[in-house]
Amino acid sequence: LAMSDEKARFLTSKVTQVERMMQCIFEDADLLFYKQQSLSKRYHRITQTLKSSAEQETGGIRTVMTAIAETITYVEAQRRKMLERAQTQVLKPLKDFSATCRQAKDALKAREQAVERMKTKQKHYDKLSTSGKDNVKVNQANLELVGASTEASQSNTVLYETMGRFERRKIADVRQILGNFLHAQIEFHARSLELLSSVYDVLYEVDEEAEVQDLMDHLKPALGAGDLVRSRASSASSMEFASPKVSPRDDDMGPRRKSTPGVIRTERREGTGTGTGTG
């Protein structure tokens, strides 16, 4: 099977392009999964924050925060499964494809070497046949040329078959790798959506009025005790204000209070005398 040098160069370029493509996909996917692992660590931190915050709360809010933290933990468990699957079903096949590229490049190199040998033998034979020298050397050169031509033809056949396998392997691997990638993403996001949707509904099951009333009920005994203390303090202050021993004003009025009974008695006597005289 003959193959031109132009087609051989095209195949070389194609193998190089596919190898570079697979390498780029591998590097990007590896970086993506690495960032997913970092993201999982950040989600773990927020679950710890939610759990510790829930311990400071009561009632429905505490239940909701705990439920969300546990749900995120389940989601991140699904993420870890997805990443583990990606290692074996995405990254490893991408890395292993380099062996397929190496086989194609080996076949291309073998064909190039065989063609170069054939060209060298062809030049040697042409030189001997046109010089009119010993026919033995010409026949020997011809045999070597035939052998080199056969080797070049075989290398073309091998390259043709190798490139067919290469293309089929490329299509199959790309389909399987990307299919595994999409399936893992779909499974992870579907399961995450299911878990997150279920806990999302719990948010609206919290009775806001009941939560507020619980807080008010908790504060009422404390407020009542405070009112009682303030009431007792106010009563004691009123009693001290009414006592003559405490009020300086009442002490100043002491002598006036002593003369008051005499005034009253005088008024009574005068009233009595007036009444007697009248009678």
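Given the structure is predicted, the values throughout are model-derived calculations rather than measurements.

Trainee: Can you tell me about the overall build of the chain, naming the residues and giving the values?
Mentor: Looking only at helices and strands, one finds six helices and zero strands in the chain. In the chain, the succession of α and β elements from N to C terminus is α-α-α-α-α-α. Among the 279 residues that make up the chain, the fraction classed as buried is 22%. The long-range share in the chain, meaning contacts at least 24 apart out of those at least 6 apart in sequence, stands at 79%. Summed over its atoms, the accessible surface of the chain is roughly 20000 Å², and 56% of this surface lies on carbon and sulfur atoms.

Trainee: I'd like a description of the layout of surface pockets, backed by residues and values.
Mentor: Taken as a whole, the largest pocket spans an internal volume of roughly 200 Å³. Breaking the lining of the largest pocket down by element, the ones donating at least two residues are α1 (5-54) and α2 (59-131). The greatest single-element share of the lining of the largest pocket, amounting to eight residues, is contributed by α2. A class-by-class count of the residues in the lining of the largest pocket yields three nonpolar, one polar and eight charged. Estimates place the volume of the second largest pocket at around 170 Å³. Lining the second largest pocket we find Q56, E57, T58, I61, E211, D214, L215 and H218. Take the lining of the second largest pocket: its biggest share by element is four residues, from helix α4 (residues 208-242).

Trainee: Give a description of the packing of α1 against α2 that names residues and reports values.
Mentor: With their axes 8 Å apart at the nearest point, α1 and α2 run at an angle of 165° to one another. One way to sum up the angle between α1 and α2 is to call them roughly antiparallel. With respect to the hand of their crossing, α1 and α2 are arranged in left-handed fashion. A per-class count over the contact of α1 with α2 returns 29 nonpolar, eight polar and 12 charged.

Trainee: Kindly report on the confidence of the model for the chain, identifying the contributing residues and their values.
Mentor: Put simply, the chain has an average pLDDT of 80, and 77% of its residues get 70 or more. Predicted confidence is poor over residues 241-279, with pLDDT under 50, and the contacts of this stretch with residues over four places away or in other chains come to nine contacts.

Trainee: Account for a nonpolar patch on the surface, naming residues and giving values.
Mentor: Taken together, the side chains of V212, L215, M216 and L219 define a hydrophobic patch exposed on the protein surface, amounting to about 320 Å² of accessible area. On the secondary structure map, L219 appears in helix α4. According to the relative accessible area criterion, L219 is partly exposed, its value standing at 37%.

Trainee: Go over the nonpolar core, please, and point to the residues and values.
Mentor: Counting 27 residues, the largest nonpolar core has V15, F33, V90, L159, M163 and F166 as its most contacted members. Elements with a contribution of two residues or more to this core: α1, α2 and α3 (135-203). No other element matches the 12 residues that α2 contributes to this core. Once residues lying within four places of it in the same chain are set aside, the contact partners of L159 are M3, L11, A104, A107, L108 and R111. Counting five residues, the second-largest nonpolar core is a separate cluster that includes L50, A54, A69 and I72.

Trainee: Tell me about the pattern of salt bridges, and please be specific about residues and values.
Mentor: Applying the stated criterion across every chain yields a total of 12 salt bridges. What you see here is one network of salt bridges that share partners, running through D5, R111 and K119.

Trainee: Describe the side chain of K170, and please don't skip the residues or the numbers.
Mentor: Turning to its location among the elements, K170 is positioned in helix α3. Setting aside its immediate chain neighbours within four residues, K170 contacts K14, V18, M22 and F97.

Trainee: An account of the packing of α2 against α3 is requested, with residue identities and associated values reported.
Mentor: Packing of α2 against α3 leaves a shortest axis separation of 7 Å and a crossing angle of 170°. Comparing their axes, α3 and α2 come out roughly antiparallel. Tallied by class, residues from the contact of α2 with α3 come to 37 nonpolar, 16 polar and 13 charged.

Thresholds, definitions, all that
- Residues numbered from 1 in each chain as written.
- Predicted model: local features only at pLDDT ≥ 70, side-chain atom pairs only at ≥ 80, totals over all residues.
- Heavy atoms only, no water.
- Helix = DSSP H or I, 4+ residues; strand = E, 2+ residues; numbered from the N terminus.
- Buried < 20%, exposed > 50% of the residue type's maximum accessible area, 1.4 Å probe, protein only.
- Contact = heavy atoms within 4.5 Å.
- Areas by Shrake-Rupley, 256 points an atom, 1.4 Å probe, with all protein chains shown as cover.
- 1 Å grid on protein atoms, 1.4 Å probe; cavity = no way out; pocket = protein on both sides within 12 Å on 5 of 7 lines; lining within 4 Å.
- Points joined across faces, edges and corners; volume = space filled by probe spheres on them.
- Nonpolar A, V, L, I, M, F, W, Y, C, P; charged D, E, K, R; others polar.
- Axes fitted to C-alpha atoms, helices over the stretch in contact; angles between N-to-C directions.
- Parallel < 35°, antiparallel > 145°, perpendicular 65-115°, else oblique.
- Left-handed = near helix turned anticlockwise from the far one by under 90°.
- pLDDT = per-residue confidence, 0-100.
- Patch = residues over 30% accessible without salt bridge, like charges linked within 9 Å, V, L, I, M, F, W, Y side chains within 5 Å.
- Salt bridge = Lys/Arg side-chain N within 4 Å of Asp/Glu carboxyl O.
- Core = buried A, V, L, I, M, F, W, Y, C linked by side-chain atoms within 4.5 Å.

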